[in-house]
Amino acid sequence: MMHSRNRRLRVNESIRSLVRENVLTTDDFVMPIFVMEGENKQEAIPSMPGIFRRSIDLTVKECKELFSLGVKAVNLYMKVSEHLKDNTGKEAWNKDGLMQNTIKAIKDAVPGMIVMPDVALDPYSIYGHDGIIENGKVLNDATNDALARMSVSHAEAGADLVAPSDMMDGRVMVIREALEESGFTDVGIVSYAAKYASSFYGPFRSALDSAPKDDMEIPKDKKTYQMDFHNSREALNEVFKDIDEGADVIMIKPGLPYLDIVSKVREAIDLPIAVYNVSGEYAMVKAAAQNGWLDNDKTIIESLTCFKRAGADMIFTYFAKEAAILLNK
């Protein structure tokens, strides 16, 4: 006679929900948003169906709708005009720059929205790299100084947290010290501690025109600073260093192909963990759904729940709005 039957706890949805280990809510989401110059402008991103570049006024409108759906955090990226790009990134800390004005506009219109601007130089660089180039190399320490100025500028504009995605060594400490010295002791740092050099970023780079330029004089990719996707122990080394330097939240990027890293880091630390459901992951689901190969709604909820199961506390995802609508139903 069989006394133990696991299926007893799967008999119906009420029982399944009673014993469910992880539950997805709108509080888990951070929506990445692309911003462009102009007024009343919206441009579709072909490789990311349903995602747009918007001018500040339409970005504010979108943020109001997101907040009404229960999505309380956004991650900002700028489509920078070519004439503003150089090898210093100085437009990144322009007090009247596109990022700074976007932060102010969102915080004025939706005070409760948590605003997390991206901190990296690639959208502002003539080379498409996350740092300053000299003699064919990406400079680490000079880039850190630029990232610190950028972060302070974001804090002055009203950012709640800054999100350095560059993967320079020691940048969390430099940013933390700059924020402290400028009086922004309450502004947090979401550190991209384990960001891998991945092929899954393609649609994102086309959205911002921020891919490394095809120039023999500079690195053709970002493998000298982003992590090697063959490695996992290295991720813990990066995470521990960033925690020591003052990170408040640890980011792992990409997401679905790297759930082993999320799980490994979750076992090792108590800090909140963010995971980035990146543009390539979004594009794959959308392409398969459009071809009738996957159920769009079910795949979205399953994928996002898997991040929670692996140990993530927050999920940066282009599905945030769509998922919120599904969950609210």
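Above this text you will find the structure in question.
What you see is a predicted model, and the numbers here were worked out from it, not measured in a lab. (Residues numbered from 1 in each chain as written. Predicted model: local features only at pLDDT ≥ 70, side-chain atom pairs only at ≥ 80, totals over all residues. Heavy atoms only, no water.)

1. Side note on the overall build of the protein chain
The condition is simple: Helix numbers and strand numbers start at the N terminus; a helix is a DSSP run of H or I with at least 4 residues, a strand a run of E with at least 2. For a compact globule the rule gives 2.2 Å times the number of residues to the power 0.38, and the radius of gyration it is set against comes from C-alpha atoms. We call two residues contacting when some pair of their heavy atoms lies within 4.5 Å. Accessible areas in this description were obtained via Shrake-Rupley with a 1.4 Å probe; residue shielding takes into account the shown protein chains only. Neither His nor the chain termini are counted; the positive set is Lys and Arg, and the negative set is Asp and Glu. Charge coordinates come from a single atom per side chain, which is NZ of Lys, CZ of Arg, CG of Asp or CD of Glu.
Scanning the protein chain for helices and strands turns up 11 helices and 12 strands. Its C-alpha atoms give the protein chain a radius of gyration of 20 Å, within 12% of the compact-globule value 20 Å for 329 residues. For the protein chain, the C-alpha atoms occupy an extent of roughly 75 × 45 × 40 Å along the three principal directions. Across the protein chain, every contact between residues at least 6 apart in sequence was considered, and the portion connecting residues at least 24 apart equals 75%. Accessible area of the protein chain: about 15200 Å², with a carbon and sulfur share of 51%. Charge separation in the protein chain, taken as the distance between the mean sites of 39 positive and 50 negative side-chain charges, equals 8 Å.

2. What about the nonpolar core?
In globular proteins that are soluble, nonpolar side chains generally tend to be buried together. Definition in use: Only buried Ala, Val, Leu, Ile, Met, Phe, Trp, Tyr and Cys residues count toward a nonpolar core, and they belong to the same one when joined by side-chain atoms within 4.5 Å. Only protein chains enter the calculation, and the probe is 1.4 Å; a residue is then buried if its accessible area is under 20% of its type maximum, exposed if over 50%, and partly exposed in between.
Formed by 102 residues in total, the largest nonpolar core has its most connected members in V74, L76, L304 and F316. Looking at this core, the element that brings in the most residues is helix α4 (residues 141-157), giving seven residues. If we skip the residues at most four places from it in the chain, L76 touches I33, M99, T102, I103, I106, V115, M116, P117 and D118.

3. Points about the side chain of H129
Position of H129 among the secondary structure elements: in the loop between β5 (114-119) and β6 (132-134). Filtering out sequence-adjacent residues up to four positions away, H129 remains in contact with L121, D122, V138, P212, I218, P219, D221, K222 and Y225.

4. Regarding the pairing of strand β1 (residues 29-35)
To be explicit about the condition: If DSSP finds at least two bridges between two strands, the strands pair.
Of all seven residues in β1, seven are buried; the element is thus mostly enclosed. Side chains F29, M31, I33 and V35 of β1 all project onto a buried face; the interleaved residues V30, P32 and F34 project onto the opposite face, where all are buried too. In this sheet, strand β12 (residues 314-317) lies alongside β1 in parallel orientation, the contact comprising two bridges. Across the sheet, residue V30 finds its bridge partner in β12, namely F316. Summarising the sheet, β1 and strand β4 (residues 73-78) pair through five bridges and their orientation is parallel. Paired with F34 across the two strands is Y77, which belongs to β4. Pairing analysis gives two bridges linking β1 to strand β3 (residues 52-54), with the strands arranged parallel. If you follow V35 over to β3, its bridge partner there is R54.

5. Digging into helix α3 (residues 98-109)
An α-helical segment advances 3.6 residues per turn. Residues three or four places apart therefore align on the same side. The criterion, for reference: In a helix, the anticipated span is given by 1.5 Å times the number of residues less one.
The end-to-end C-alpha distance of α3, which contains 12 residues, comes to 16 Å, matching closely the 16 Å that a straight helix rising 1.5 Å per residue would cover. Listed as buried for α3 are L98, M99, Q100, T102, I103, A105, I106 and K107. Turning to α3, the residues buried within the fold contact β1, α2 (56-69), β4, β5 and α4.

6. Quick look at the environment of V278
When you line up the elements, V278 lands in the loop between β11 (273-277) and α9 (279-290). The exposure class of V278 is buried, given its relative accessible area of 1%. Measuring from C-alpha to C-alpha, the distance between V278 and K253 comes to 7.4 Å, with 25 residues separating the pair along the chain. Excluding residues within four positions of it along the chain, V278 makes contact with F200, Y201, K253, P254 and Y318.

7. Here we look at the packing of helix α8 (residues 259-268) against helix α10 (residues 296-310)
Note the following rule: Lines fitted to C-alpha atoms define the axes here, with helix axes fitted over just the stretch in contact, and angles between the N-to-C directions of these axes take values from 0 to 180 degrees. Working rule for angles: under 35 degrees goes down as roughly parallel, over 145 as roughly antiparallel, 65 to 115 as roughly perpendicular, anything else as oblique.
Relative orientation of the contacting elements α8 and α10 amounts to 30°, with a least axis distance of 8 Å. One finds that α8 runs roughly parallel with respect to α10. Each of L259, V262, S263 and R266 in α8 lies in contact with α10, whose residues at this interface are C306, F307 and A310.

8. Digging into a positive patch on the surface
We apply this condition: Each patch groups residues whose relative accessible area exceeds 30% and which form no salt bridge, using 9 Å between like charges and 5 Å between nonpolar side chains of Val, Leu, Ile, Met, Phe, Trp and Tyr. Think of a salt bridge as a Lys or Arg side-chain nitrogen and an Asp or Glu carboxyl oxygen that are within 4 Å of each other.
Taken together, R5, R7, R8 and R10 make up a surface patch of like positive charges. If you trace the backbone, R5 turns up in the segment before α1 (13-18). On the basis of relative accessible area, R5 is assigned to the partly exposed category, the value being 45%.

9. What about the pattern of salt bridges?
Applying the stated rule across the entire model yields 20 salt bridges. Close ionic contact of K308 with D28 constitutes a salt bridge, the shortest N to O distance being 3.1 Å. You can see K308 sitting in helix α10 and its partner D28 sitting in the loop between α1 and β1, a full 280 residues away along the chain. With respect to class, K308 is no different from D28; both count as buried.

10. Comments concerning a nonpolar patch on the surface
Residues L9, L18 and V19 make up a contiguous nonpolar surface patch of roughly 310 Å² in combined accessible area. Relative to the assigned elements, L18 resides in helix α1.

11. Digging into the environment of D186
On the secondary structure map, D186 appears in the loop between α5 (171-181) and β9 (188-195). Look at D186 and you get exposed, because its relative accessible area is 73%. Residues D186 and L161, spaced 25 residues apart in sequence, show a C-alpha to C-alpha distance of 8.6 Å.

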